Amino acid sequence: MSFNRTRLPLLAAAMGLLVPMAHAQFLVVPNAYENVAASASGLNTFIRDLGNTRTGQLLINSNQLSTLNVGDQITGFSFRLWTGSTLNFPATTATWTDYTINVGVGVAPLLSTTLLATNFAGTPTMVRSGALVVGAGAYSGTGGPPRPWGTEISFQTPYVYTGGHLAIEVRHTGSDIVNNAANDFLEVATTLDAGYLAGDFRSYTAVGNAATLGALTNFTVTRLSVTPIPEPASIAALGLGALALMRRRKRKTA
């Protein structure tokens, strides 16, 4: 007897079995900076302010994604302020009229170019578009270092990981506030970082949210929110348990 993967939890629930649920996890890129600050430098591409439309790309080598399985869903990301921050960001609620995120299979970071479209190995998935609102103080300017992670920017459509390298592209219209020029920067791994030079990650930025060409820049440290698919072993154990229970009940009613 075979079990349909999507029906298995329903069958288990009907039989009173405990169903293993997938819990959201986090993956920090670059991996080395999960709990330590990457540098004392910052970049504000992804949180630029009034009148400053921007495009930014993050290219991530598959060696930084080793904890992901094909089929896992990436549901959002977050950043943290650089170590030079002393104030929370934003000072007041900030709204971007449009904050569009595209995610897809990327080329190997060392093979990336300033022509932004060519850094996707295929057609990317638009995972978010439309207005973005970030509440006052969403990013803490104290603690650490590193600073605490800020509020997650959630995807409207989860990205299903298909393996390989990853490219994340953000195009936004600039917020409706004016940033603090001395404070409002996100933590980065610089272009001189060993991982950057080795091709573990790359980043490009451009002026304008419709840019086609970018410039090589520091990599903004990013925490991906991931919902993993159930482990095959868990599914198999659940299937065997359900089968055994069905047989037991069948014997009782025979």
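Here, every reference points to the structure presented above.
Residues numbered from 1 in each chain as written. Predicted model: local features only at pLDDT ≥ 70, side-chain atom pairs only at ≥ 80, totals over all residues. Heavy atoms only, no water.

1. Details of the nonpolar core
Then step 1. Among the nonpolar cores identified, the biggest contains 42 residues, and F77, Y99, I101, Y139, L166, I168 and L224 are the most heavily contacted of them.
Then step 2. Setting aside residues up to four positions removed in sequence, I168 forms contacts with G56, Q57, L58, I60, F77, I101, N102, V103 and L224.
Then step 3. L59, L116, F120 and A167 belong to the second-largest nonpolar core, a separate cluster that totals 5 residues. (Core = buried A, V, L, I, M, F, W, Y, C linked by side-chain atoms within 4.5 Å. Buried < 20%, exposed > 50% of the residue type's maximum accessible area, 1.4 Å probe, protein only. Contact = heavy atoms within 4.5 Å.)

2. Considering the side chain of Q64
Then step 1. As for its placement among the helices and strands, Q64 is situated in the loop between β3 (54-60) and β4 (73-78).
Then step 2. Classification of Q64 as buried rests on a relative accessible area of 9%.
Then step 3. Among the polar contacts listed, one links the side chain of Q64 to the side chain of N63, at a separation of 3.3 Å.
Then step 4. In this structure, Q64 is in contact with L27, V29, P30, N31 and D200, ignoring residues within four places of it in sequence. (Helix = DSSP H or I, 4+ residues; strand = E, 2+ residues; numbered from the N terminus. Polar contact = N/O pair within 3.5 Å; in protein donor to acceptor, adjacent residues only side chain to side chain.)

3. What about the packing of aromatic side chains?
Then step 1. This structure, assessed with the given rule, holds 8 aromatic pairs.
Then step 2. Considering the side-chain rings of F77 and F155, the 5.7 Å spacing of their centres and the 85° angle between planes classify their relative orientation as edge-to-face. Here F155 lies in strand β9 (residues 153-160) and F77 lies in strand β4, a separation of 78 residues in the sequence. Both residues of the pair, F77 and F155, belong to the buried class.
Then step 3. Between the aromatic rings of F201 and F219, the centroid separation amounts to 5.1 Å while the plane-to-plane angle is 50°, which identifies the pairing as tilted. Of the two residues, F201 sits in strand β12 (residues 201-207) while F219 sits in strand β14 (residues 219-220), which places them 18 residues apart along the sequence. An identical accessibility class is assigned to F201 and F219; each is buried.
Then step 4. One aromatic cluster in this structure is built from F46, F77, F79 and F155. (Phe/Tyr/Trp six-rings, centres within 6.5 Å; stacked < 30°, edge-to-face > 60°.)

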